[in-house]
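Each chain, letter by letter, is given below.
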Amino acid sequence: MAKTETYNIRLTVNDRPVSASIAAETTLLDFLREQGFIEVKRGCDKGDCGACTVILEGKAVLSCLTLALQADGCKVYTVKSLGTAENMHPLQKAFVGHEALQCGFCTPGMLLAAKALLDSNPHPTRGEIREAISGNLCRCTGYQKIVDAIEAVSKGAYR
Amino acid sequence: MSTDYSVVGKRLAGVDEKDKVLGNIVFADDFVMPGMLHAKVFRATKASARLKKLDVGKARALPGVACVLTAADVPHNESVKNVVGQTTEVGLLEAKHQVLVRERVRYWGEPVALVAAETSKIAMAALKLIVAEYEDLPAVFDPLEALKPSAPKIHGNNNVIASWKLRKGDVAKGFAEADVIVENTYRTPRQEHAHLEPESGVAWVDDSGVVTVRYAAQVIEHYRDIATVLGLPESRVRVIGTLIGGGFGGKEDVTVEVFLALLAWKTGRPVKLTYTREEMGYGRHKRHPYVLKYRTGARKDGTLTAMEAEIVSDAGAYVYLSPWVLIYSTVHSTGPYLIPNVKVDARSVLTNNIMTSAFRGFGGMQTVVAYEAQMDELAARLGLDPLELRKKNFLKTGDVTASYQEITSEVRLEECARKALEALGEKAVASSPRRKVGRGLACCWQSYGRMTYLHDTANCWVNLEMDGSAVVRSGIPDLGGGQRESLRAIVAEVLGLQVQEVHVISTDSQVTPLAGTVTATRALYMSGNAAKLAAENVRRIVAEKAAEMLGVRPEVLEFRDKTVFSREDQGKKLALTDAIKQCLFQGKVPQSLDTFRAPFTEPITSDVIKDPVFPDFTFGAQAAEVEVDTETGEVKVLKWATAYDVGKAINLNRVEGQMEGGAAQGLGFGLMEDYLEKDGLPLTWNLHDYLIPTSRDVPDIKSIVIESESGKGPFGAKGIGEPSISAAGPAVANAVRDAIGVRVSHLPITPERVFFALQGREKA
Amino acid sequence: MGGFRFFRPASLAQLLERKRKEGRRARILDGGSNVLVYVKEGSLEGGTLVDVRKLKALKGIAVRNGQVEIGAGEVIADIIASPLIRRQARFFAEALQQFANPLVRNMATLAGNIADSSPIGDTIPPLLVLEAKVVAASSQARRVIPLAEFFTGPGSNVLKPAEVITRIRFPVPGKGRGIFLKFGLRHGTSCSVASVAVWVSTRGGRIEEARIALGGVAPTPLRARLTEEMLKGQNAEAGLVESIAARVVHEISPISDVRASAEYRRQVSGKLLAKALRHALGLEE
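Residues numbered from 1 in each chain as written. Chains lettered and ligands numbered in written order. Predicted model: local features only at pLDDT ≥ 70, side-chain atom pairs only at ≥ 80, totals over all residues. Heavy atoms only, no water.

What follows concerns helix H16 (residues 652-671) of chain B. All names here are of chain B. Taking 1.5 Å of rise per residue, 20 residues should cover 28 Å, and H16 covers 28 Å from first to last C-alpha, within 8% of that figure. Taken across its 20 residues, H16 has 19 buried, putting it largely inside the fold. The residue sitting at the N-terminus of H16 and contributing the capping side-chain oxygen is Asn 651; that oxygen lies 2.9 Å from the backbone nitrogen of Asn 653. (Helix = DSSP H or I, 4+ residues; strand = E, 2+ residues; numbered from the N terminus. Expected span 1.5 Å × (residues − 1). Buried < 20%, exposed > 50% of the residue type's maximum accessible area, 1.4 Å probe, protein only. Polar contact = N/O pair within 3.5 Å; in protein donor to acceptor, adjacent residues only side chain to side chain.)

Put into structure tokens, the structure is as follows:
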């Protein structure tokens, strides 16, 4: 097999600098998980499920369809940037309080899609909430409590 | 109103939920070990063939490849299960599954070889270097074709691998008494579980030579299957189950664990295997597609007089749990109705399609499609309200079913159905003259607890620490349904603790007492009862000592907030920790390891089921309102309500969560999900082509939790895991029928099927 | 998968030079949502992955000389949010709102969707009725290609190996109304079974001009010119419009696939078109 050319990448993840030497076709998802950010999940690797959602330069995107090198020099945020055990983000508190999760596999991506929504549209209708998370599949909850939780935060709860 | 408890029945968040929102859970694929290899599976690309030649030489020689295994390398390549309870017509069935193809390929995607390499990339490159040559063999893909004597045989000399019947009364007489008879054939889809987390695990051999597999398992007892295949003693294999990213039965049969164990054992290094989403499509079992031919007769006033059904399920290329699934179908086939004359013939037949096995609902669910459609058709023919017709026929406590099982718990079907319909509110007005609004109701019953002839048990070990906190050890896996959290709540309730003071250790076959599978809606019933039993025994030990210390009878003692006090004299109290200290001092350790046993019955020996098979049933109803675009056939779901008698809700949030999730998964089954194959070739193997409901496809769902406290689970609980899906597809099917005036009996109800139904013809 | 190189051009000139050298082996990622899927599926054996996410030359949403000009590197979410597009080409913003889902809209570009040339590319029917043109550049030349002449078959187009789409432009829509109806098998993200875009203008209750584009019913997205002609000059009334819409079946050649049968596509196209026309003409639904 031919020697694989590698490229240097340097970016910040959750405000922490991360650098490595990677193959060109390494996706941002591959890169993040290899660097230990296992909270970013691989559900399908083809952009159909949303489990790999991260925030890249302020936009919620699918990390499995983003080349890592495209994020060189950029800021990336995963669910761990939302809060800590002592200081949870209102959305995290709401998801727990409303039980807007069961297995939790879609949850990291779902929380980021929700955050992206509320950052740009602080008072969405339920329809707008459903639209905003329509790229994040959930097989366990039926979405009901997820929509309820996001709506509750938009109305000031859990702050 | 149901009993008020301190912890049980509340909407309490658990420890696991917090970890999940923080992103702290280490799922199966998140786990890494030093020196870990990456595995890939080489699969057959033929639906029916003889493997003529298999050359793995080049793959083995690729730098970075640690090993390539074929059938010759597997100590016991056949994993053989005697499927207990087979009918005499079919004969004792040995369901033989080969771990890797030795010679005969029976479905596209069947595993042929295993590769373990330093990286995933190298493993994939190695797959490309494996050369396999096949000789095509005759194949059959339609189960009805496979029934014919002339059809190619998949195994042995009979494609029918299970056959069950119901016989009650005299259907000829019953139909003669009917004023109206409705007959129809229904088809249900091959549904894919589509859980978000792919099958995955890591295996290694530990310092004491124990082959350890840490993977997403619904059944940790698979360590026995691994031991059989590897030819090892069962005590030398350990399964650690992870918190699972969804299962629904997809992680119930053997998936990655045997492959992982083989590779770890052969290489002596840790190995990881994670299925791709595509592999989950063509490499893992699905829900059985069914063809259900139903004939139902009723009098003018709506009372059912007779029911006759022929049911055929597509078992795919290997038997797996098909016979059991068929038993569920047969027993549930009448619906939750008292019918005096019943004749049901059900068969499960092999084909060269992908294998079919466990999926939430397990055969009971497919029959709801038929029997609830029949009820609505009868109502239409008789000019009766659909709920009124059903009310005339609902089973009652004390009734005996067509499989000769007495209903011993409460049946709150009328309440469930009425409340579900009421929750839909006022019927929506169609948004345009070209759209039609319709409403549908579906009632169902679904068993909870495994079939009783399997002699199900669950173990649990509870102990109190010196500081009054408790530890619960249970083998029960957690798929996300909160199985662990339920144990926490139950033990906290019994011992008078906060949930945060109860720690649960679970899902390790060598460390936690085995509690059985998370399947068959048995987790709460079995592991919950086991935990309650153990906690009560711990309580007894402490109560005895506390009673002695307080000079009262143990029966009057209450445990609350880490205090033990007399109910008759609140002044007589002491700290829980003091009682524990005294227990320990006297060598009476506050711990208990207990076994909860479900009712044990004898194996079914005849093909006619005429003995109780299940511990009990959950009853419920769902109602949907839809708007159909008559120009395109598109169905928009406007409203949804689901109402079930769960006996007792240990945690209301979680029970509603199951109901809502089940409704959505059933909505998918009803409207959009179908795993398609053409001549055995997979067509919809990813989430791009296999569509599951998104947040835009599911409306707001109203959940109505009814608590009769009449169940056999802890605190009178029944089960909700599977019942919650069963009535969903039928509800939306009935709603579409109500909207357009004609029935689509082939699910999923795609726009195309609606479109052609409106034109007066059914398109397959 | 393997043997890929990466290149991020600092200028348009650098990009074009690389394309001149490597032709189609230099794959522009655009949003990545198509190309990376092909990389993972193994259908691209090596080459250079070119990142143009931050290339200024491919950015910009402006109106120049009565033309809306959108840079090839603009993501769909930004086009939808652009005040200029919302003001001057509202129909287009509404059409793009139906594209996939919010995550994909944050990544995908018009150029990517056009270059992928799928018969069901959902940005294409709206662009066809807007009479869009694609500006393609190579290191040697620059040409403007009407979108209606761009596609040659499923997944193929007239772009030369060294050419890159730099801009998409369409005349600022005049008086009239447009609508895009995307029809899939679920309400969330789905591949279109069929899609219809319509742009109509009326005068005195008569249809002055009708532009119709369909996706998913032929080897490429297409304009239904014969049906357009039939509508011209007709009274804008529902019955008439519907019977003419049904004739669109003569201009399409749908296939059967996992999503739908050819027969269904044939019949539903006319219905979708009728629906779209009724909406656009303000006729009762």
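Grouped together as the largest cluster of nonpolar side chains are 297 residues, with contacts concentrated most on Phe 95 and Ile 150 of chain A together with Phe 92, Ile 114, Leu 147 and Val 198 of chain C. With 10 residues, the single largest contributor to this core is helix H10 (residues 364-382) of chain B. Beyond its immediate chain neighbours, meaning those up to four positions away, Val 198 of chain C contacts Phe 91, Val 129, Arg 177, Gly 178, Ile 179, Arg 211, Ile 212, Leu 273, Ala 276, Leu 277 and Ala 280 of chain C. Core analysis: the second largest hydrophobic core is formed by 52 residues, Ala 216, Leu 497, Val 502 and Tyr 525 of chain B among them. (Core = buried A, V, L, I, M, F, W, Y, C linked by side-chain atoms within 4.5 Å. Contact = heavy atoms within 4.5 Å.)

Next up on the list: the interface of chain A and chain B. Every contact between the two is made by 49 residues of chain A and, on the other side, 56 residues of chain B. Carbon and sulfur atoms supply 56% of the area that chain A and chain B bury against each other, a total of about 4100 Å² over both sides. Considering only the surface of chain A that becomes buried against chain B, Glu 99, Gln 102 and Arg 139 of chain A emerge as the three largest contributors, covering 20% of it. With its nearest N and O atoms 2.7 Å apart, the salt bridge here joins Asp 30 of chain B to Arg 33 of chain A. Looking at the side of chain A that touches chain B, the elements with two or more residues in it are helix H2 (90-97), helix H3 (107-120), helix H4 (126-132) and helix H5 (144-154) of chain A. Take the side of chain A that touches chain B: its biggest share by element is 4 residues, from H2 of chain A. (Buried area = accessible area lost by both parts, 1.4 Å probe. Salt bridge = Lys/Arg side-chain N within 4 Å of Asp/Glu carboxyl O.)

Right, let's get into the domain arrangement of chain A. Residue and element names in this part refer to chain A. Per the domain assignment, the segments of chain A are domain 1 (6-81) and domain 2 (90-154). Using C-alpha coordinates to define each centre, domain 1 is positioned 21 Å away from domain 2. Approximately 960 Å² of surface area, both sides summed, lies buried where domain 1 meets domain 2, with 69% of it carried by carbon and sulfur atoms. It is Lys 41, Thr 53 and Val 79 in domain 1 that bury the most area against domain 2; as a group they hold 43% of the surface buried on that side. Here domain 1 is connected to domain 2 by 0 salt bridges. Across the contact surface, domain 1 and domain 2 share 3 residue pairs in polar contact (both at pLDDT 80 or more). In terms of residue count, strand E3 (residues 53-56) provides more of the side of domain 1 that touches domain 2 than any other element does, 3 residues in total. Of the residues contributing to the side of domain 1 that touches domain 2, the split by class is 7 nonpolar, 4 polar and 4 charged. (Domains from an automatic or database assignment. Nonpolar A, V, L, I, M, F, W, Y, C, P; charged D, E, K, R; others polar.)

All right, on to the pairing of strand E3 (residues 47-50) of chain C then. Residues and elements named next belong to chain C. Examined bridge by bridge, strand E1 (residues 4-7) and E3 share 4 bridges and lie parallel to one another. Across the sheet, residue Phe 4 finds its bridge partner in E3, namely Gly 47. The sheet contact formed by strand E2 (residues 26-28) and E3 spans 3 bridges and is parallel. Pairing of Arg 27 across the sheet is with Leu 49, part of E3. Crossover handedness for the path E2 to helix H2 (residues 35-41) to E3: right-handed. (Pairing = 2+ DSSP bridges. Right-handed = clockwise from strand over helix to strand, strands pointing away.)

With that settled, the discussion passes to the side chain of Thr 684 of chain B. Counting through the fold element by element, Thr 684 of chain B comes out in the loop between strand E29 (681-682) and strand E30 (701-706). With a relative accessible area of 3%, Thr 684 of chain B lands in the buried category. Looking at Thr 684 of chain B, its side chain comes within polar contact range of the main-chain nitrogen of Leu 676 of chain B, at 2.9 Å. Every residue in contact with Thr 684 of chain B, bar those within four places of it in the chain, is listed here: Asp 674, Tyr 675, Leu 676, Asp 689 and Tyr 690 of chain B together with Val 258 of chain C.

So, on to the environment of Phe 141 of chain B. Residues and elements named next belong to chain B. Here Phe 141 lies in the loop between strand E8 (131-136) and helix H4 (143-146). In this structure, the C-alpha to C-alpha distance between Phe 141 and Ser 322, residues 181 residues apart in sequence, is 16 Å. The residues touching Phe 141, leaving out its near neighbours within four places in the chain, are Ala 47, Asp 314, Thr 351, Asn 352, Asn 353, Asp 679 and Gly 680.

Turning next to the sheet that holds strand E5 (residues 75-77) of chain A. Residue and element names in this part refer to chain A. The strand order across the open sheet built from 5 strands is E2-E1-E5-E3-E4, with neighbouring strands paired in mixed fashion. Strand pairing shows two members of the sheet lacking a second neighbour, strand E2 (16-23) and strand E4 (59-62), which therefore form its edges. Shown here is a sheet whose adjacent strand axes are inclined to one another by a mean of 40 degrees, direction ignored. The pairing of E3 with E5 spans 2 bridges and is classified as antiparallel. Residue pairing for E5: Ile 55 is matched across the bridge by Tyr 77. Along the sheet, H3 contacts E3, E4 and E5; its crossing angle with E3, the most-contacted strand, is approximately 40 degrees. (Axes fitted to C-alpha atoms, helices over the stretch in contact; angles between N-to-C directions.)

Here we take up a nonpolar patch on the surface. All names here are of chain B. The grouping of Met 466, Leu 584 and Val 589 at the surface amounts to a nonpolar patch, some 260 Å² of accessible area in total. When you line up the elements, Val 589 lands in the loop between helix H15 (576-585) and strand E25 (591-597). Its relative accessible area of 41% is what places Val 589 among the partly exposed residues. (Patch = residues over 30% accessible without salt bridge, like charges linked within 9 Å, V, L, I, M, F, W, Y side chains within 5 Å. Areas by Shrake-Rupley, 256 points an atom, 1.4 Å probe, with all protein chains shown as cover.)

This part is about the interface of chain B and chain C. Between chain B and chain C, the contact holds 30 residues from the first and 22 residues from the second. Between chain B and chain C lies a buried interface of about 2500 Å² when both sides are counted; carbon and sulfur atoms form 56% of it. The largest contributions to the chain B side of the interface with chain C come from Arg 434, Glu 631 and Glu 752 of chain B, which together make up 21% of the buried area. Linking chain B with chain C are 5 salt bridges, by the criterion used here. For the pair chain B and chain C, the interface holds 13 residue pairs in polar contact (both at pLDDT 80 or more). Sorting the residues of the side of chain B that touches chain C by element identifies helix H3 (120-129), strand E27 (635-645) and helix H19 (751-758) of chain B as the ones contributing at least two each. Per-element accounting of the side of chain B that touches chain C gives the leading share, 4 residues, to H19 of chain B.

A separate point is the packing of helix H10 (residues 238-246) of chain C against helix H11 (residues 262-280) of chain C. Residue and element names in this part refer to chain C. Viewed as axis vectors pointing N to C, H10 and H11 meet at an angle of 145 degrees, and their least axial separation amounts to 8 Å. As H10 packs across H11, the resulting crossing turns out to be right-handed. Counting all contacts with H10, which are made through Ala 238, Val 241, Glu 242, Ala 245 and Ala 246, the residues of H11 involved are Gly 270, Leu 273, Ala 274, Leu 277 and Arg 278. When grouped by side-chain class, the residues that make up the contact of H10 with H11 number 7 nonpolar, 1 polar and 2 charged. (Left-handed = near helix turned anticlockwise from the far one by under 90°.)

Time to look at the packing of helix H9 (residues 322-332) of chain B against H10 of chain B. Residues and elements named next belong to chain B. One can describe the packing of H9 onto H10 by two numbers: an axis separation of 8 Å at closest approach and a directional angle of 35 degrees. In this structure, H9 crosses over H10, and the sense of that crossing is right-handed. For the pair H9 and H10, contact is made by Tyr 328, Ser 329 and His 332 and by Gly 364, Thr 367 and Tyr 371, respectively. By residue class, the composition of the contact of H9 with H10 is 2 nonpolar, 4 polar and no charged.

Applying the stated rule across the entire model yields 24 aromatic pairs over all chains. Considering the side-chain rings of Phe 92 of chain C and Phe 170 of chain C, the 5.3 Å spacing of their centres and the 70 degrees angle between planes classify their relative orientation as edge-to-face. Placement of the pair is Phe 92 of chain C in helix H5 (residues 90-96) and Phe 170 of chain C in strand E10 (residues 164-171), with a sequence separation of 78 residues. A ring pair is formed by Phe 150 of chain C and Phe 151 of chain C, whose centres lie 5.2 Å apart and whose planes are at 80 degrees; its orientation type is edge-to-face. The rings of Tyr 328, Phe 362, Trp 445, Phe 614, Phe 617 and Phe 619 of chain B are connected pair by pair, giving a single aromatic cluster. Sitting above the plane of the Tyr 275 of chain B ring, Arg 43 of chain B keeps its charged end 5.3 Å from the centroid. (Phe/Tyr/Trp six-rings, centres within 6.5 Å; stacked < 30°, edge-to-face > 60°. Lys NZ or Arg CZ within 6 Å of the ring centre and 35° of its normal.)

For the structure shown, the criterion picks out 102 salt bridges over all chains. Between Arg 190 of chain B and Glu 677 of chain B there is a salt bridge, with the nearest N and O atoms lying 3.9 Å from each other. Here Arg 190 of chain B, found in the loop between strand E10 (180-187) and strand E11 (200-205), pairs with Glu 677 of chain B, found in strand E28 (residues 677-678); they are 487 residues apart in sequence, far enough to count as distant. Accessibility expressed as a relative area gives 17% for Glu 677 of chain B, which makes it buried. The partner of Asp 738 of chain B in a salt bridge is Lys 427 of chain B, and the shortest N-O contact between them spans 3.8 Å. You can see Asp 738 of chain B sitting in helix H18 (residues 728-740) and its partner Lys 427 of chain B sitting in the loop between helix H12 (413-423) and strand E18 (435-448), a full 311 residues away along the chain. On the basis of relative accessibility, which here comes to 43%, the residue Lys 427 of chain B falls in the partly exposed class. What you see here is one network of salt bridges that share partners, running through Arg 434, Arg 435, Asp 629 and Glu 631 of chain B together with Glu 242, Lys 275 and Arg 278 of chain C.

Attention now moves to unusual backbone geometry. Of note, the bond from Leu 747 of chain B into Pro 748 of chain B is cis; its omega dihedral lies within 30 degrees of zero at 0 degrees. In this structure, Pro 748 of chain B sits in the loop between H18 and H19. For Glu 99 of chain A, which is not a glycine, the phi torsion comes out positive at approximately 55 degrees. When you line up the elements, Glu 99 of chain A lands in the loop between H2 and H3. Positive phi values are uncommon outside glycine, yet Phe 362 of chain B reaches one of about 45 degrees.

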